[in-house]
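Reading the structure
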Amino acid sequence: MKNLKLIKPINIVLVVMGALFSALAVTQFVRVGNLIPAGMSGLSQLILMESSSRLGITLSYGLVYLILNTILLSFVFNKLGKKFLALSFLHVILTSIFIEIIPSFSITHDDILIPIFGGILNGMGSSLALKANGSAGGTDFIAIYYSMVKNKPQWDKIMYFNAALLIYSGWQYNWDLAFYSIIYQVVSTKIVDTYHDRYKLSSINIITTHADDVSKAILDTTRHGITMTEGIGVFKQEHRSILYLVANDFEVNKIVNAIKAADEKAFIEISSVERIEGNYRQKPLD
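In what follows, the accompanying structure is described. (Residues numbered from 1 in each chain as written. Predicted model: local features only at pLDDT ≥ 70, side-chain atom pairs only at ≥ 80, totals over all residues. Heavy atoms only, no water.)

What follows is about the overall build of the chain. Of regular secondary structure, the chain possesses 10 helices and 4 strands. When the helices and strands of the chain are listed from N to C terminus, the series reads α-α-α-α-α-α-α-α-β-α-β-β-α-β. Across its three principal directions, the C-alpha atoms of the chain cover 80 × 40 × 35 Å. Considering the chain as a whole, with its 286 residues, one finds that 45% of them fall into the buried category. Look at the contacts in the chain between residues 6 or more apart in sequence, and 77% of them connect residues 24 or more apart. (Helix = DSSP H or I, 4+ residues; strand = E, 2+ residues; numbered from the N terminus. Buried < 20%, exposed > 50% of the residue type's maximum accessible area, 1.4 Å probe, protein only. Contact = heavy atoms within 4.5 Å.)

Pasting the structure below:
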């Protein structure tokens, strides 16, 4: 309950906006183009198609989507933060409701524009939920859990599951629509991978004459470890301290501001980190 009290109004606003975008992607593009979207949205769509063609039963997309997400939630309930799970499930519930109440109508009939703009909307919906420290639910639960374990983004791994959905869809129904769905999924995944930086890492090198002050400022901002070495500035032959640490991309600006406050003349170099091995503290999800 303590973590749930940390939910801020802006978190709720971002989740609501994200759910609206996700629902619009389904109602205005997925349904119109008969696409198979990624994750639980795609599985829900396939279940509806299967139940209709094989059993003659018309199911509620929103209800099927909600049930599938509830099942996945049960697997990660004790592994991820309660605030994160609450915001994620709020996104799932709102998306399910919006899908049921928002009417579908054709914005465009272009076979290429439908998956492109549908994917953009869906990616924006997921990104807003992630920005609110939640997620869009479904396979996001799995991707985020393993991103924490591996200390690097795992969104591309979800593509294997999505590929299986597309192969089955093309085999059973229409290969053309399956190929158009690939465009939708790739665009959506690219949007999320570009704008969600929680599991992207950066290395920070700082050259300073106030190592103690800068180190304290960094540790007051983040709990990542710092390694210090001594060096000499070749031009003036003056002693300098070199501090090194690795941090998540979303923490970098705060760390840089803290360094500048402690030593405004500090030289700071920031680089992207492709992979790390060893003990690294990933800030837990609340």
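Next, the rest of the story.
Moving on, we come to the side chain of Ser203. Position of Ser203 relative to the elements: it lies in strand E1 (residues 201-208). By relative accessible area, Ser203 is classed as buried at 9%. Residue contacts for Ser203: discarding those within four places in its chain leaves Tyr244, Leu245, Val246, Glu269, Ile270, Ser271 and Val273.

Applying the stated criterion across every chain, the model contains 3 aromatic pairs. Both rings, one in Tyr61 and one in Tyr65, keep their centres 6.2 Å apart while their planes meet at 15°; by these two values the pair is stacked. Residue Tyr61 and its partner Tyr65 are located together in helix H3 (residues 61-76), separated by 4 residues, close to a single helical turn. The same class applies to Tyr61 as to Tyr65, namely buried. Sitting above the plane of the Tyr61 ring, Arg31 keeps its charged end 5.9 Å from the centroid. (Phe/Tyr/Trp six-rings, centres within 6.5 Å; stacked < 30°, edge-to-face > 60°. Lys NZ or Arg CZ within 6 Å of the ring centre and 35° of its normal.)

Turning to a nonpolar patch on the surface, a few remarks are in order. A contiguous nonpolar patch, built from Ile167, Trp171, Trp175, Phe179, Ile182 and Val186 and spanning about 640 Å² of accessible area, is present on the exposed surface. For the nonpolar patch, the elements supplying multiple residues, two or more each, are helix H7 (155-172) and helix H8 (175-195). With respect to the element layout, Trp175 can be found in helix H8. (Patch = residues over 30% accessible without salt bridge, like charges linked within 9 Å, V, L, I, M, F, W, Y side chains within 5 Å. Areas by Shrake-Rupley, 256 points an atom, 1.4 Å probe, with all protein chains shown as cover. Salt bridge = Lys/Arg side-chain N within 4 Å of Asp/Glu carboxyl O.)

Before going further, it helps to examine the pattern of salt bridges. All told, the structure shown has 3 salt bridges when counted by the stated rule. Measuring nitrogen to oxygen at the nearest pair gives 3.0 Å for the salt bridge that ties Lys216 to Asp220. Of this pair, Lys216 and Asp220 both sit in helix H9 (residues 211-221), 4 residues apart, which is roughly one turn of the helix. Its relative accessible area of 54% is what places Lys216 among the exposed residues. Here Asp220 falls in the exposed class, since its relative accessible area comes to 57%. A salt bridge links Glu238 to Arg240; its shortest N-O distance comes to 2.9 Å.

This part takes up the sheet that holds E1. Each strand in a sheet pairs with its neighbour through backbone hydrogen bonds, running either in the same direction (parallel) or in the opposite one (antiparallel). Strand order in the open sheet made by the 4 strands is E2-E3-E1-E4, with antiparallel pairing throughout. This sheet does not close on itself; its edge strands, each paired only once, are strand E2 (227-233) and strand E4 (267-273). Averaged over all adjacent pairs, the angle separating strand axes in this sheet is 25°, with direction ignored. Relative to strand E3 (residues 238-248), E1 runs antiparallel, the two being bridged by 8 bridges. The residue bridging Ile204 from the neighbouring strand is Leu245, located in E3. Seen against the sheet, helix H10 (residues 249-262) touches E1, E3 and E4 and runs at an angle of roughly 155° to E3. (Pairing = 2+ DSSP bridges. Axes fitted to C-alpha atoms, helices over the stretch in contact; angles between N-to-C directions.)

Right, let's talk about the nonpolar core for a bit. Core analysis: the biggest nonpolar cluster contains 37 residues, and Tyr61, Phe84, Leu85, Phe98 and Phe141 have the highest contact counts within it. The contacts of Phe141, once residues within four sequence positions are left out, are Asn69, Leu72, Leu73, Val76, Leu80, Phe84, Leu85, Ser88 and Ser135. Judged by nonpolar contacts, the second largest core, of 13 residues, contains Leu243, Val256, Ile259 and Ala266. (Core = buried A, V, L, I, M, F, W, Y, C linked by side-chain atoms within 4.5 Å.)

Attention now goes to helix H5 (residues 113-131). For H5, spanning 19 residues, the distance from its first C-alpha to its last is 26 Å, which sits close to the expected 27 Å at 1.5 Å a residue. Looking one or two places after H5, you find Asn133, whose phi comes out positive at around 70°. (Expected span 1.5 Å × (residues − 1).)

Attention now moves to the pairing of E2. Two elements, E2 and E3, share 7 bridges in a ladder whose sense is antiparallel. Considered in E3, the bridge of Met228 is made with Leu243. Hairpin geometry of E2 and E3 is characterised by an intervening segment of 4 residues between the two adjacent antiparallel strands and by a positive phi of about 55° at Gln237.

Structurally, Asp263 is set in the loop between H10 and E4. Of the buried charged residues, Asp263 lacks a salt bridge, with Lys265 as the closest side chain of opposite charge at 7.4 Å. When neighbours within four sequence positions are excluded, Asp263 is seen to be in contact with Thr208, Thr209, His210 and Val214. (Lys, Arg positive; Asp, Glu negative; His and termini not counted.)

Time to look at the packing of helix H2 (residues 39-55) against H3. The interhelical angle for the contact between H2 and H3, taken along N-to-C directions, is 130°, at an axis separation of 9 Å. Relative to H3, H2 is oriented oblique. Note that H2 runs across H3; the crossing there is right-handed. Here Met40, Ser41, Leu43, Ser44, Gln45, Ile47 and Leu48 of H2 lie close against H3, whose contacting residues are Tyr61, Val64, Tyr65, Leu68, Asn69 and Leu72. (Parallel < 35°, antiparallel > 145°, perpendicular 65-115°, else oblique. Left-handed = near helix turned anticlockwise from the far one by under 90°.)

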